[in-house]
Amino acid sequence: QVQLVESGGGLMQAGASLRLSCAASGRTFSDYTLGWFRQAPGKDREFVAAITFIGGTYYADAVKGRFTISRDNAKNTVYLQMNSLKPEDTAVYYCAADHLLRSRDVSTAIKYDYWGQGTQVTVSS
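What comes next is a walk through the structure.

Criteria and thresholds
Residues numbered from 1 in each chain as written. Predicted model: local features only at pLDDT ≥ 70, side-chain atom pairs only at ≥ 80, totals over all residues. Heavy atoms only, no water. Helix = DSSP H or I, 4+ residues; strand = E, 2+ residues; numbered from the N terminus. Rg over C-alpha atoms; globule rule 2.2 N^0.38 Å. Buried < 20%, exposed > 50% of the residue type's maximum accessible area, 1.4 Å probe, protein only. Contact = heavy atoms within 4.5 Å. Areas by Shrake-Rupley, 256 points an atom, 1.4 Å probe, with all protein chains shown as cover. Lys, Arg positive; Asp, Glu negative; His and termini not counted. Charge placed at Lys NZ, Arg CZ, Asp CG, Glu CD. Core = buried A, V, L, I, M, F, W, Y, C linked by side-chain atoms within 4.5 Å. Pairing = 2+ DSSP bridges. Axes fitted to C-alpha atoms, helices over the stretch in contact; angles between N-to-C directions. Disulfide = S-S within 2.5 Å.

1. What to know about the overall build of the protein
Next up, step 1: Scanning the protein for helices and strands turns up 0 helices and 11 strands.
Next up, step 2: In the protein, the order of α-helices and β-strands from amino to carboxyl end is β-β-β-β-β-β-β-β-β-β-β.
Next up, step 3: Relative to its length of 125 residues, the protein is compact, with a C-alpha radius of gyration of 13 Å against a globular reference of 14 Å.
Next up, step 4: Relative to its 125 residues, the protein shows a buried fraction of 42%.
Next up, step 5: When contacts within the protein are restricted to residue pairs at least 6 apart in sequence, those whose partners lie at least 24 apart make up 59%.
Next up, step 6: With the model as given, the accessible surface of the protein reaches about 6300 Å², and the carbon-plus-sulfur share is 46%.
Next up, step 7: Of the side chains in the protein, 13 bear a positive and 11 a negative charge, and the two mean positions are spaced by 3 Å.

2. Quick word on the nonpolar core
Next up, step 1: Core analysis: the largest hydrophobic core is formed by 36 residues, its most contacted members being Trp36, Leu80, Met82 and Tyr93.
Next up, step 2: Secondary-structure elements contributing two or more residues to this core are strand 1 (2-7), strand 3 (18-26), strand 4 (32-39), strand 5 (46-51), strand 7 (67-72), strand 8 (77-82), strand 9 (91-99) and strand 11 (119-124).
Next up, step 3: Apart from the residues within four sequence positions on either side, tyrosine 93 is in contact with Glu6, Leu20, Trp36, Phe37, Arg38, Val48, Phe67, Leu80, Met82, Gly118, Thr119 and Val121.

3. With respect to the sheet that holds strand 7
Next up, step 1: Spatially, the 4 strands line up as an open sheet ordered 1-3-8-7, and their pairing is antiparallel. Both edges of this open sheet fall to strand 1 and strand 7, since each of them pairs with a single strand only. Each neighbouring strand pair of the sheet contributes to a mean axis angle of 15°, computed without reference to strand direction.

4. Let's talk about the state of the cysteines
Next up, step 1: Counted according to the given criterion, the structure contains 1 disulfide.
Next up, step 2: Between the sulfur atoms of cysteine 22 and its disulfide mate cysteine 95 the distance is 2.2 Å. Residues cysteine 22 and cysteine 95 are joined through a disulfide that is left-handed, its torsion about the S-S bond being -80°. Of the two residues, cysteine 22 sits in strand 3 while cysteine 95 sits in strand 9, which places them 73 residues apart along the sequence. Cysteine 95 matches cysteine 22 in its accessibility class, with the two residues each being buried.

What follows is the structure in structure tokens.
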């Protein structure tokens, strides 16, 4: 079992920066691919970014160049640095983890076995 706890959400103005954190407990953190997804009201959950167990990073087109995902295996934590925030980034952000998930599957939510409870990010114009 892996438990994931997100933090760092908040209310921000457009153009601001915010860093989300996701702390994991349980199994060997370094063996897990970690992803960030988001869900806005009335919309489906969508892929934001992922970092694989070997360090490869992947981004949705909507956030590429603005968001950066990183991980600290010593701290069992994955981060999502969000810059140049836009109102359309408003959503609940979820952290997800899956053991040895391959790069071809990182953007598919159903491939992840473990999920956090989510943290709200609201960007005002």
